[in-house]
Each structure stands twice: as C-alpha cells, then as structure tokens.
Amino acid sequence: MTGDLPMRPATPYDALPEESFDRIARLAAGSLRSPVAIVSLLDDDRHVVKSSVGLTGRSRVWRKVPVALRYARQVVSTGRPVFVGNASPGRNAADTEAHTPDGVAYAIVPITVADGVVIGTICVIDTAPHAWTHSEINCLLDIASVFVNELELRSDLTVKRETQEHLLYNTLHDSLTGLPNRSLFTERLRHAMRRAVRHPDDLFAVLFLDLDRFKDVNDNLGHFAGDELLRAVARRLEACIRPEDTVARLSGDEFAILLESITDMSDAGRVAERIEEALSFPINLGGAEVTTSASMGIVTSSMSHDQPEQLLRSADMAMYRAKAAGRARYEMFDRSMHADALERLQLETDLRRAVELNEFILHYQPVVSLRTGTVTGFEALVRWEHPQRGLIQPADFIPVAEETGLIVPIGRWVLGEALRQISEWQQLHPREEPLSIGVNLSVKQFSQPDLIDQITRALETTGAQATSLKLEITEAAIIDKGQAAIAILKRIRELGVQVYLDDFGTGYSSLSYLHGLPIDALKIDR
C-alpha cells in the first residue's frame, strides 16, 4: 500500500468492532509463535489493514513489509494460501515455497466467504528462522475459517437489525410523504403532555390541518397529481416549523403539527399564518399550476386533556369551525366548541331516529300569480317535529342531513308526500290549470343514480300529474357536473316535470351559461 490512503467505505463485514480484528491478529501471531500478524480487508485492489500486531501505524504497515503485500496480492488472486519459510525444514515441516529474497518467513491465508469471494487476508510474519509446520498451517487456516463465521454472523445480525429498523420506520411514517404518521405523532404528543404535567411552564400547541378542496384536484387532475400535491404540501409544512417540532400526515389530506416548548400561546397563531403564506404560492403539478389552502384548528396545552386522542379531537373541532367560517383560516379551540360538538352529535342521533319514525311534516307556502292574484300552486317546505324540542326549522337540521347523507331518505319522503298532497287538492279543487307543487332537490339527491326512477315511482304511486311537479335545483347541484347534469335535467323534463333553478345568483353561474341548461324558470335569490 503506497501512501496514506483513506479507509474504504463501510461494508457489512466492517460490522465487527476493532477489538475483534485485534483479537484475530493476536491469536494468529500467538498460535504461530511469530512477532507480527496483519489482518486486512479488500477495497477494490487495496488491502486495508484492520489490525496489526508488532507493527505500528496502521496506514503505513504495508510500506514496512512490501514483500508481505506482494504475497497477500498473490493469495487474493489465486484464492490459495502462501507459506514461505526462512529456515531449513525440520522433521515436521510442511512442503512450502522456497526461501524469500528478504530472508523473512511469511504465512498468508485468504479470508474467503461462503460464495467463494476472497474479502481479505491474515498474514503472519517471522524475521527469526521459521519453517512452517503442518499444525501451524492448519491452525492459521482454522483461524481464518472461524473469523469468516464470525464476520458472516455479524453481517447477518447487521442486516437483520437494519431490516427491523426499516420496518419500524415504515410502521411509524407515512409512505407517501415520509412524514411521521398518526401513531408516531400520537406518541410524541403523549410525551409532550406528560412533560407539561411535570413542568406546567413547558407549553406546547397542536395544529390540525385539512386541505381545502383537495377532492377537486383528485377529480380534475387525477390521483397522481393529488399525491404530488400532498408531497409538496408536506415539504412546505416542514419548512414552516423548527427541527424540534413535528409535522405528521394523519390520513388523506389531513396533517397535524406539534409545536413543543413554545414561549407563548400566540406562537401557534404565528405558525398558522406562516403556513397560510407558504401554501398561497402556486404548486406545479405536471405542468398545471395549482394553489391550495388549509383550514386549521389549534389547541394549546392550556386546555387540559387526559389523552392525546382527546386533544386531537378538540383540534379537529376547531378545524371544522374554520372550514364553516369560510376556509383558508385558523380557529383556536375553546370549550364552547366541545359543547357545540356534543349538541350536534345529539342532533345527528335524533335525526336518524326521526328518519326511522317519520317525524317530519310539510308546510305549504302558496305561490300567487301577480297578474291575477290567485293561488297557482304551493312550495313544499319540510319541518321536523322533535318529540322534546318541538318544531325545528330547516336551517337547524338540513346542513346535518346534507353532511350525513340523511337528506336522501328525507328528500325521497318529501317528494312522495308533496305529490300525494297536491294530487288530493287537485281532486278536491279541479280547475282549468291544475295546482302545481314545488319541491326542493338537494345536491346529494341530484347525484343519486336512481333519481329518475325515484321521481317516476313517486308520480305513479300518488297519481299526480308530472306537469304539476316543479323540481327546484340549486346552482351547486349542477355547476360542477357539466354535461352529466344537463343530461339528467333533460331526462327530468322528458317526464313532463318542470325544472327551476333555485337561488340563482348565490353561485358563479353566468347568464350565458344558463342558455345551455334545459330549465323552465329561475328563482332569483334575495
């Protein structure tokens, strides 16, 4: 080896501690009663000394014994050991090569692993007269064999440990973004909560984030673009926090941030504002520039919670309050949110029971002709007769019904009941132009694949005339569905049913857009 070359890069065979190489070198020197022993491993064509006995300066060992290096290279090249004596063979001496030119005895064996590859050598050197015996040769070969077993066992253990570490990492991290997952985040939050109990002045905060309109990216650009957006958001969130903080992806488009050891509760608000700014810059997704925002809920350690899951639930409540307030903003959790959440949960439970027990009634608002002053029809308005709370207005339960999907069975009942009533009134009060009935159709109802069948069955069951039914549909039900919405509207009109666009002006429809819609009339929002 010429010059002070750097040690080779680590391999699985470097897993043994330095003491193991030293032990092998001492064992080889002692067993062959020689003053010098060298253990080396290969790095390409370099023999990197791992340990030496009798020679100092590991990086300069081969320069002191250049003939030994030449023999070591020969051993690696042929895969066979070399034993060269420097004394007349005795009665027990083995057949070895002739005397060396420098008058020194060399015994060199290969370190050969299971697949037959030579990875290094064990070299024993004796400057005193020495003719190698059969027992010495076998002993050195046995030392090399034992050493290989130790190397491979340690290598197997290293691979096993690395595999376990890899599996543990995957268990605790999100595969898409590389961020900690819910399990790891919950554990770190638990640790922060315990520390706060011991040290009340050690403040922390949790931010719960949900990307606004992430579904639109998936629907319009595809799931691959959605994944790219999540990765980009993850990197931006990481840039907004300190190394000691944690940002995690909990699920879907939900993220959480743990801010540890903050000096003031207002620090959480400043981080939220930093995140709002970071997300405001466009993100390139396969050539398409997309901007996103997040609704955030914040809960601080000043709000005592027993378990991490409870704290996360509180942050989640605050996040939904931010979404309800217009999105792209943050809200701080307070106790009233918990009470509101319990009230809403009770409302949802009662609403499910109301659907089963049919606790709804219809009020009918008359439609009066301004030209004649006569009643031409009615609009059906649903009310909920709660057994304890009395009459509940639509504004207090329709949003919950929309969110839970209960609006579908409620809407189906409203349609059938309204048609039954108008059919009865038409028979009691026959007139040249029959009374009409207006029924609101929710966004979720309009999206039902069997909508046309529902309308047809309701008409057939009640015997009502299709021309008497006016279905009122909001802009939100059709604005994002394009040609699919137009096709549904056409099929409704083919039944003879009229279609009214309700609350026109609350969305983004233009008058030019309306020309392409198969509708009969507009209802202008106040």
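On a predicted model such as this, the values are computed, not experimentally measured, just so you know.

Scoring rules and cut-offs
Residues numbered from 1 in each chain as written. Predicted model: local features only at pLDDT ≥ 70, side-chain atom pairs only at ≥ 80, totals over all residues. Heavy atoms only, no water. pLDDT = per-residue confidence, 0-100. Contact = heavy atoms within 4.5 Å. Helix = DSSP H or I, 4+ residues; strand = E, 2+ residues; numbered from the N terminus. Expected span 1.5 Å × (residues − 1). Buried < 20%, exposed > 50% of the residue type's maximum accessible area, 1.4 Å probe, protein only. Polar contact = N/O pair within 3.5 Å; in protein donor to acceptor, adjacent residues only side chain to side chain. Salt bridge = Lys/Arg side-chain N within 4 Å of Asp/Glu carboxyl O.

### A closer look at the confidence of the model for the protein
- Per-residue confidence for the protein averages 87 on the pLDDT scale, and 91% of its residues sit at or above 70.
- Counting contacts from residues 1-10, a segment whose pLDDT is below 50, to residues more than four positions away or on other chains yields 26 contacts.

### Some points on helix α5 (residues 182-198)
- In this model, α5 (17 residues) spans 24 Å end to end at C-alpha, consistent with the 24 Å of a helix rising 1.5 Å per residue.
- The complete set of buried residues in α5 reads L184, F185, T186, L189, A192, M193, R195 and A196.
- Packed against the buried residues of α5 are α4 (134-172), β6 (203-211), β7 (246-251), β8 (254-262) and α9 (308-324).
- N-cap assignment for α5: the residue whose side-chain oxygen lies 3.2 Å from the backbone N of S183 is N181.

### Description of the environment of E152
- Mapped onto the elements of the fold, E152 is located in helix α4.
- The class of E152 is partly exposed, set by a relative accessible area of 21%.
- In this structure the C-alpha to C-alpha distance between E152 and G390, which are 238 residues apart in sequence, comes to 79 Å.

### Looking at the pattern of salt bridges
- If you walk through the whole model with that rule in mind, you get 24 salt bridges.
- For D174, the salt bridge is made with R249, and the minimal N-O distance between the two is 3.0 Å. Taken together, the residues D174 in the loop between α4 and α5 and R249 in strand β7 connect sequence positions 75 residues apart.
- For R195, the salt bridge goes to D202, with nearest N and O atoms at 2.7 Å. The burial state of R195 is the same as that of D202; both residues are buried.
- Put simply, R344, E348, R352 and E403 are held in one network by salt bridges that share partners.

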